[in-house]
Amino acid sequence: MVRIGIAGIGGRMGREILAVLQSDPESQLAGGLVRPGRVAELAESFDRGIDLYDALPALAERADVLVEFTTPDATLAIARECASLGCPLVSGTTGLIAEQLAELQELATRIPVFYSRNMSVGINALLACLPSLVQALDGYDVEIVETHHRHKADAPSGTALALAEAISTAVRRPLEHHAVYGRHGVAPRQAGDIGIHALRAGGNAGEHTIVLADDGEEIRVSHRAYGRRTFAIGALRAARFLAARPPEFYAMPDLLASESRG
Ligand SMILES: NC(=O)c1ccc[n+]([C@@H]2O[C@H](COP(=O)([O-])OP(=O)(O)OC[C@H]3O[C@@H](n4cnc5c(N)ncnc54)[C@H](OP(=O)(O)O)[C@@H]3O)[C@@H](O)[C@H]2O)c1
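It should be emphasised that the depicted structure is a prediction, and the values quoted were computed from it without experimental measurement. Numbers given to residues run from 1 along each chain, matching the order in which its sequence is written. Selection of residues for local features in this predicted model requires a pLDDT of at least 70, selection of side-chain atom pairs for listing and counting requires 80 or more, and totals for whole chains, interfaces and linings are taken over all residues. Computation of side-chain values covers all heavy atoms of the structure but excludes hydrogens and water.

Scanning the protein chain for helices and strands turns up 10 helices and 12 strands. For the protein chain, whose C-alpha radius of gyration is 19 Å, the value lies close to the compact-globule estimate of 18 Å for 262 residues. In terms of principal-axis extent, the alpha carbons of the protein chain reach across some 60 × 40 × 35 Å. By the burial criterion, 48% of the 262 residues in the protein chain qualify as buried. Counted over contacts in the protein chain with a minimum sequence separation of 6, partners at least 24 positions apart contribute 66%. Working note: accessible area of the protein chain is about 12,900 Å², and carbon and sulfur atoms make up 51% of it. Each charge class in the protein chain was averaged separately, 25 positive and 32 negative side chains, and the resulting centres sit 4 Å apart. A run of H or I in DSSP becomes a helix once it reaches four residues, and a run of E becomes a strand once it reaches two; helices and strands are each numbered from the N terminus. What the globule rule says is 2.2 Å times the number of residues to the power 0.38, and the radius of gyration is computed from C-alpha atoms. Partly exposed residues are those whose accessible area sits between 20% and 50% of the maximum for their type, while under 20% is buried and over 50% is exposed, using a 1.4 Å probe and protein chains only. Here a residue-residue contact requires only that any non-hydrogen atoms of the pair lie within 4.5 Å. Using the Shrake-Rupley algorithm and a 1.4 Å probe, accessible areas are obtained, with residue cover drawn only from the displayed protein chains. For this count, His and the chain ends are skipped, Lys and Arg are scored as positive, and Asp and Glu as negative. Where a charge sits is defined by one atom per residue type, namely NZ (Lys), CZ (Arg), CG (Asp) or CD (Glu).

Moving on, we get to helix α5 (residues 98-107). Within α5, burial applies to Q100, L104 and L107. Looking down the long axis of α5, one finds its buried residues gathered within 60 degrees of arc, a one-sided arrangement. Among the exposed residues of α5, those oriented more than 90 degrees off its buried face are A98, E99 and E106. Considering only its buried residues, α5 is in contact with α4 (72-85), β5 (89-91), β6 (113-115) and β12 (249-250). Taking the helix axis as origin, the arc is that swept by the directions to the C-beta atoms.

Here we come to the environment of T109. Mapped onto the elements, T109 comes out in the loop between α5 and β6. T109 gets classed as exposed once you look at its relative accessible area, which sits at 56%. Sequence separation between T109 and G122 is 13 residues; the distance between their C-alpha atoms is 29 Å.

This part is about the pairing of strand β2 (residues 27-33). Put simply, side chains in a regular strand alternate between the two faces of the sheet. Counting buried positions along β2 yields six of seven residues, so the element is predominantly enclosed. Criterion used throughout: strands pair if DSSP finds at least two bridges between them. For strand β1 (residues 2-7) and β2, the ladder comprises six bridges, and the chain directions are parallel. Note on β2: the bridge partner recorded for G5 is G31.

Structure below.
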């Protein structure tokens, strides 16, 4: 039985993780972390028996691992505190800038940290297959289109960036020179562009399409999350994986490899 704390429990992902956790016989809720001063207000929207905290030490004492889906600034504040408290951390927050990601990796020398910009098995399988597909289609135009709900803060999505990074590495076109984020005005496609486009509308939990095309044909590879449940299931699998690991920076391929080994 793994005791799990949820940081950002009042948010969309936090509530979904709670719902999945409550029907998971291998996990137990240690409590939820909310922003300072919000315990009383948020407690009304949770069933009795769900313990809310606005400071990490009391929650970390009861938890084997903390799962957090918050905001990039909160992620780093939480990760620093987890490192001081010796609490393993699963993070799914997107929109981290390079310096924040580097600090998270540095903190993983002190505690186990699992970070994935997409916790679904489908996207991670796609990330694994993508290099051979784009290498086989050398010279084809590459564009990525993602759609998310109207509340999503960061653009493009962390998943779109992960897909673009996988493609850019496979075709050896550095993203900083070849990424084109949307187009406006006179903006014809340049050879080697990796176009990345973000749509924000309605309640879409996450949809990504990679378009690979030349003059004669086109391949579209799409992934659509039917809801947040698939991400929540992945986050809890990551939490169970992380609870007994030594300090290191882990990602989805580590989890999938360990599960396939049994
Ligand atoms: N990796 C994946 O598979 C995956 C999947 C879906 C989403 N995400 C990412 O997960 C993140 C959260 O998404 P969401 O849709 O759940 O957002 P959300 O609904 O806005 O939830 C974020 C929650 O974090 C809380 N929070 C902010 N700062 C905090 C702090 N210092 N301590 C405790 N709680 C704090 C917010 O509280 P307040 O309301 O009080 O500000 C809010 O309840 C985003 O970066 C999103 O892109 C990742």
